[in-house]
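An overview of the molecular structure
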Amino acid sequence: MSGKSLLLKVILLGDGGVGKSSLMNRYVTNKFDSQAFHTIGVEFLNRDLEVDGRFVTLQIWDTAGQERFKSLRTPFYRGADCCLLTFSVDDRQSFENLSNWQKEFVYYADVKDPEHFPFVVLGNKIDKLERQVSTEEARAWCMENGNYPYLETSAKDDTNVTVAFEEAVRQVLAVEEQLEHCMLGHTVDLHSSSKSGSSCC
Ligand SMILES: Nc1nc2c(ncn2[C@@H]2O[C@H](COP(=O)(O)OP(=O)(O)OP(=O)(O)O)[C@@H](O)[C@H]2O)c(=O)[nH]1
Ligand SMILES: [Mg+2]
């Protein structure tokens, strides 16, 4: 266990109105506003947490989902450690737009290795009775598009909100550990004449 706090940047993307700001506000301030305004540009909030013995400062970047704010949000994608692709289970179009959000992120964040980038998918507003996207369908999309973790949340009822942000941290730490493992492998490789340690990454 490391005593040093790690700063992680996670970014919430998804159509306007799916509940990105509500998820961030529920997680950081434990408040919910049923009359929330659309976000213009980006906003961020920090929260400290401990996941599996690691101390982390989570910097949550909440973006404006409406198309007209595209140029205001995309400059903030760079440097994100994890991307939370968010849709609303009562809004089919927001689910169908997930691929566009993923592509927009990869392009503007300049992700070098998209296949290994930690995306987490959130289906929000599960408190609503009329669903337009089933759990099975959302899971299938996640499997097909990179085997991403899928969580169903309600910012309103505080369902799975903490779990969702903790999962984002776990995904980043898993990638980080893999990288450290690879670096170690290469270091060992430099000091040895054998080919061992070069099979990673
Ligand atoms: N029933 C229900 N309503 C929610 C939930 N999350 C958000 N809302 C409502 O949905 C509306 C939009 O929520 P926001 O958090 O502003 O959505 P957003 O994704 O930030 O939207 P943009 O800022 O335009 O991108 C607000 O009226 C919220 O109160 C939820 O889990 N359940
Ligand atoms: Mg918002």
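For the structure itself, consult the block above.
So, here's what we can say about the structure. Keep in mind that this is a model prediction, so the values were computed, not measured.

The rules behind the values
- Residues numbered from 1 in each chain as written.
- Chains lettered and ligands numbered in written order.
- Predicted model: local features only at pLDDT ≥ 70, side-chain atom pairs only at ≥ 80, totals over all residues.
- Heavy atoms only, no water.
- Near = heavy atom within 4 Å.
- Polar contact = N/O pair within 3.5 Å; in protein donor to acceptor, adjacent residues only side chain to side chain.
- Areas by Shrake-Rupley, 256 points an atom, 1.4 Å probe, with all protein chains shown as cover.
- Nonpolar A, V, L, I, M, F, W, Y, C, P; charged D, E, K, R; others polar.
- Phe/Tyr/Trp six-rings, centres within 6.5 Å; stacked < 30°, edge-to-face > 60°.
- Helix = DSSP H or I, 4+ residues; strand = E, 2+ residues; numbered from the N terminus.
- Buried < 20%, exposed > 50% of the residue type's maximum accessible area, 1.4 Å probe, protein only.
- Donors = N, O, S within 2.8 Å, 3.2 Å for Na, K, Ca; no water.
- Pairing = 2+ DSSP bridges.
- Axes fitted to C-alpha atoms, helices over the stretch in contact; angles between N-to-C directions.
- Contact = heavy atoms within 4.5 Å.

Thoughts on the site of ligand 1
Not every one of the 25 residues close to ligand 1 is listed here, only the nearest: Lys20, Ser22, His38, Thr39 and Asp127. Backbone polar atom of valine 18 to an oxygen atom of ligand 1: 3.3 Å apart, as the coordinates give it. Contact distances for ligand 1 include 2.7 Å between an oxygen atom and a backbone N or O atom of threonine 39. For ligand 1, whose accessible area on its own is 650 Å², the fraction buried by protein is 91%. Broken down by class, the residue content of the shell around ligand 1 amounts to six nonpolar, 12 polar and seven charged.

Remarks on the packing of aromatic side chains
For the structure on display, the rule yields 13 aromatic pairs. Where phenylalanine 119 meets tyrosine 148, the ring centres are 5.2 Å apart and the plane angle is 50 degrees; that geometry is what we call tilted. Here phenylalanine 119 is found in strand S5 (residues 119-124), whereas its partner tyrosine 148 is found in the loop between helix H5 (135-144) and strand S6 (150-152), with 29 residues between them in sequence. Residue classification places phenylalanine 119 among the buried residues on the basis of a relative accessible area of 1%.

Describing unusual backbone geometry
A positive phi angle, near 55 degrees, is found at asparagine 30, a position not held by glycine. Considering the arrangement of structural elements, one finds asparagine 30 in the loop between helix H1 (20-29) and strand S2 (42-51). In this model, aspartate 110 sits at a positive phi of 55 degrees, which is unusual for a non-glycine residue. By secondary structure assignment, the location of aspartate 110 is in the loop between helix H4 (98-108) and S5. The partly exposed category is assigned to aspartate 110, whose relative accessible area is 34%.

Describing the coordination of the magnesium ion (ligand 2)
For the magnesium ion (ligand 2), the protein coordination sphere consists of Ser21 (OG) and Thr39 (OG1), at 2.0 Å. Placement of serine 21 in helix H1 and of threonine 39 in the loop between H1 and S2 is noted, with a sequence separation of 18 residues between them. Taken as a pair, serine 21 and threonine 39 share a single burial class, namely buried.

Comments concerning the sheet that holds S5
Across the sheet, six strands lie side by side as S2-S3-S1-S4-S5-S6; this open sheet has mixed pairing. Pairing within the sheet leaves two strands with one partner each, and these edge strands are S2 and S6. For this sheet the average axis-to-axis angle between neighbouring strands, irrespective of direction, equals 25 degrees. Note: S2 against strand S3 (residues 54-63), 10 bridges, orientation antiparallel. In the sheet register, arginine 47 faces S3, and the bridge partner there is leucine 58. Across the face of the sheet, H4 comes into contact with strand S1 (6-13), strand S4 (82-88) and S5 while running at roughly 155 degrees to S4.

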